[in-house]
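Remarks on the overall topology
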There are 2 protein chains.
Amino acid sequence: MNAPRPRTRIQRRNRKLILDAALDVFSAQGYRGATLDQIAASAGLSKPNLLYYFDNKEEIHRTLLTDLLDAWLAPLHDLAPDGDPQAEILGYVRRKLQMSREYPRESRLFANEILQGAPRIEGFIRGDLKALVDEKAAVIRGWAAQGRIADLDPYHLIFSIWALTQHYADFEAQMRMVRGEGVDTFEGAESYLDTLFARLIAP
Amino acid sequence: MNAPRPRTRIQRRNRKLILDAALDVFSAQGYRGATLDQIAASAGLSKPNLLYYFDNKEEIHRTLLTDLLDAWLAPLHDLAPDGDPQAEILGYVRRKLQMSREYPRESRLFANEILQGAPRIEGFIRGDLKALVDEKAAVIRGWAAQGRIADLDPYHLIFSIWALTQHYADFEAQMRMVRGEGVDTFEGAESYLDTLFARLIAP
DNA sequence: GTCTATAACAAGATAGAC
DNA sequence: GTCTATCTTGTTATAGAC
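Residues numbered from 1 in each chain as written. Chains lettered and ligands numbered in written order. Predicted model: local features only at pLDDT ≥ 70, side-chain atom pairs only at ≥ 80, totals over all residues. Heavy atoms only, no water.

Position of Arg108(A) among the secondary structure elements: in helix α6 (residues 104-115). No salt bridge is formed by the buried Arg108(A); the nearest opposite charge belongs to Glu172(A), separated by 4.4 Å. Ignoring anything within four residues of it in the chain, the contact list for Arg108(A) reads Ser27(A), Ala169(A), Asp170(A), Glu172(A) and Leu115(B). (Helix = DSSP H or I, 4+ residues; strand = E, 2+ residues; numbered from the N terminus. Buried < 20%, exposed > 50% of the residue type's maximum accessible area, 1.4 Å probe, protein only. Lys, Arg positive; Asp, Glu negative; His and termini not counted. Salt bridge = Lys/Arg side-chain N within 4 Å of Asp/Glu carboxyl O. Contact = heavy atoms within 4.5 Å.)

Written as structure tokens, this is what we have:
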């Protein structure tokens, strides 16, 4: 029997509870490290009740990942070819950093997936993501050709934006331990990345 | 009964085989995702034979991680306070990138550990790593105070070096899929990072 | 819809022959 | 030292009462 489409209020609420708990556990432990017991306990439900809402463990994970992928493309999608190059690139950096701050668990879920060779999202990466990156890389290359930004490899540029912004979410544990518990690890990040990319892309 | 200290040639050889296979599997699947069956198969030994050389799964993992941590500090350790600031920082970036290229599995093993909250290396991070980072941050701050490099937060600077260099190892799967199978993902990385950090730290 | 109880199946670890 | 066979535990998933 398939899990029901969420019709009632209580069903929608429980599905949300489960997905939120599962995001906690999967992002912190990885797919195999997570157990249904942990997720159930964190959601305040029994394990069989979890499996009333989702057919199996994998479906919970796939749901989280799928929901995430749409949001994942948005910041880059918004990079406008007819905008001011500097403002567009710095704006993209800010939106990406904002995502790391607001959705660190999602970032870690994604990082776990990539680290393991992206087995479940290979289609997404080779498909939608690659298409979008190729499109925006061409835009950036055009700006460089016009001398409106420095002449940089657009792929390295995009990857460096991902690396720097996602690091604040994915390696947050390390930053916190190195800097000490009291520190907000995002403090100063936006201004640092603003400076870094402004100096990098200045023509 | 404890596993034997490696005395004979064959023991040393088998321990190496096991650790190399385990590094493959742990770095790709994470601690919980890895199974002794996979490691044994990859090493060409039987599962009980693995456990003749190591008491249990955790000891294999701990051995890999411990061996890694020494090497992990070296590039930053070599940043010399009395050297030329620009050359020292760019040299550190190059050494770190070189480690990502030569030891991508080790980088992913480390990344897996941090993503999960660094449960097994918290002591290392709060201890040796924090001490080294604090020490070198002070050096960098001194350079900035003397106007020999730009005035940047040294912690954000160090973290950004980690983020950018390790990304080439940890997110290699994504880069390969976005760029296409034929591409060497490290191609152009050194010159890109050279440019990035040279422009960033120029006074 | 939710629960207790339990089946079914990995996966870590051990026993004991060779 | 290495293997086959097996024990034991943890985990996913199902049965069936309520």
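There is more to say, and it comes next.
With that settled, consider the relation of the copies chain A and chain B. Once chain A is rotated about the relating axis by 180° and shifted along it by 0.0 Å, it coincides with chain B to within an RMSD of 0.0 Å. This pairing of chains is accounted for by a two-fold axis. Looking at the interface residues of chain A, 98% of them are also at the interface in chain B, so both copies use one shared face. (Least-squares fit on C-alpha atoms with pLDDT ≥ 70 in both.)

Following the criterion strictly, the structure yields 10 aromatic pairs over all chains and no others. Here Phe159(B) and Trp162(B) contribute two aromatic rings whose centre-to-centre distance is 5.4 Å and whose plane-to-plane angle is 55°, an arrangement assigned as tilted. On the criterion of helical spacing, the pair formed by Phe159(B) and Trp162(B) is a turn pair, its members being three residues apart in helix α8 (residues 154-170). Sitting over the ring of Tyr31(A), Lys57(A) keeps its end group 4.7 Å from the ring centre. The aromatic ring of Tyr31(A) is capped on one face by Arg120(A), whose charged end is 4.3 Å from the ring centroid. (Phe/Tyr/Trp six-rings, centres within 6.5 Å; stacked < 30°, edge-to-face > 60°. Lys NZ or Arg CZ within 6 Å of the ring centre and 35° of its normal.)

Another aspect to go through is the pattern of salt bridges. One side chain can pair with another of opposite charge once the charged atoms of both are near each other. Applying the stated criterion across every chain, the model contains 26 salt bridges over all chains. We note a salt bridge from Arg126(B) to Glu122(B), for which the minimum N-O separation is 2.9 Å. Taken together, the residues Arg126(B) and Glu122(B), both in helix α7 (residues 122-145) and four residues apart, mark about one turn of the helix. The class for Glu122(B) is partly exposed, based on a relative accessible area of 31%. Of the charged contacts, one joins Lys130(B) and Asp134(B) as a salt bridge, the two residues approaching to 2.9 Å between their closest N and O atoms. A residue pair is termed a helical-turn pair when its members lie 3 or 4 positions apart in one helix, as Lys130(B) and Asp134(B) do in helix α7 at four residues. Of the residues examined, Asp134(B) reaches a relative accessible area of 26% and is grouped as partly exposed. What emerges from the salt-bridge pattern is a single network uniting Glu122(A), Arg126(A), Glu172(B), Arg176(B) and Glu181(B).

Moving on to the protein's contact with DNA strand D. In the vicinity of DNA strand D lie 17 residues, with Lys47(A), Lys57(A), Gln11(B), Ser46(B) and Tyr53(B) positioned nearest. The sugar-phosphate backbone supplies 63% of the atoms of DNA strand D found within 4 Å of the protein. Separating a phosphate oxygen of DNA strand D from a side-chain N or O atom of Gln11(B) is a distance of 2.4 Å. Contact distances for DNA strand D include 3.0 Å between a sugar or linking oxygen and a side-chain N or O atom of Asn49(B). At the level of elements, α3 (47-53) of chain A together with α1 (9-33) and α3 (47-53) of chain B are the ones that each hand at least two residues to the surface near DNA strand D. When grouped by side-chain class, the residues that make up the surface near DNA strand D number seven nonpolar, seven polar and three charged. (Near = heavy atom within 4 Å. Polar contact = N/O pair within 3.5 Å; in protein donor to acceptor, adjacent residues only side chain to side chain. Nonpolar A, V, L, I, M, F, W, Y, C, P; charged D, E, K, R; others polar.)

Below, the discussion takes up the packing of helix α9 (residues 172-179) of chain A against α7(B). α7(B) packs onto α9(A) with a crossing angle of 60° between their chain directions and a minimal axis gap of 8 Å. Our pair here, α9(A) against α7(B), has a crossing hand that is right-handed. Along the contact surface, α9(A) presents Gln174(A), Arg176(A), Met177(A) and Val178(A), while α7(B) presents Glu122(B), Ile125(B), Arg126(B), Leu129(B), Lys130(B), Val133(B) and Asp134(B). Tallied by class, residues from the contact of α9(A) with α7(B) come to five nonpolar, one polar and five charged. (Axes fitted to C-alpha atoms, helices over the stretch in contact; angles between N-to-C directions. Left-handed = near helix turned anticlockwise from the far one by under 90°.)

Below, the discussion takes up the domain arrangement of chain A. Residue and element names in this part refer to chain A. Along its sequence, chain A is organised into domain 1 (1-54) and domain 2 (61-201). The partner domain 2 presents nine residues to the 11 residues of domain 1 that form the contact. When domain 1 packs against domain 2, close to 990 Å² is buried across both sides, 65% of that on carbon and sulfur atoms. Area buried by domain 1 at its contact with domain 2 is led by Leu23, Ser27 and Tyr31, which between them contribute 54% of it. Counting across the domain 1 and domain 2 interface gives two salt bridges. (Domains from an automatic or database assignment. Buried area = accessible area lost by both parts, 1.4 Å probe.)

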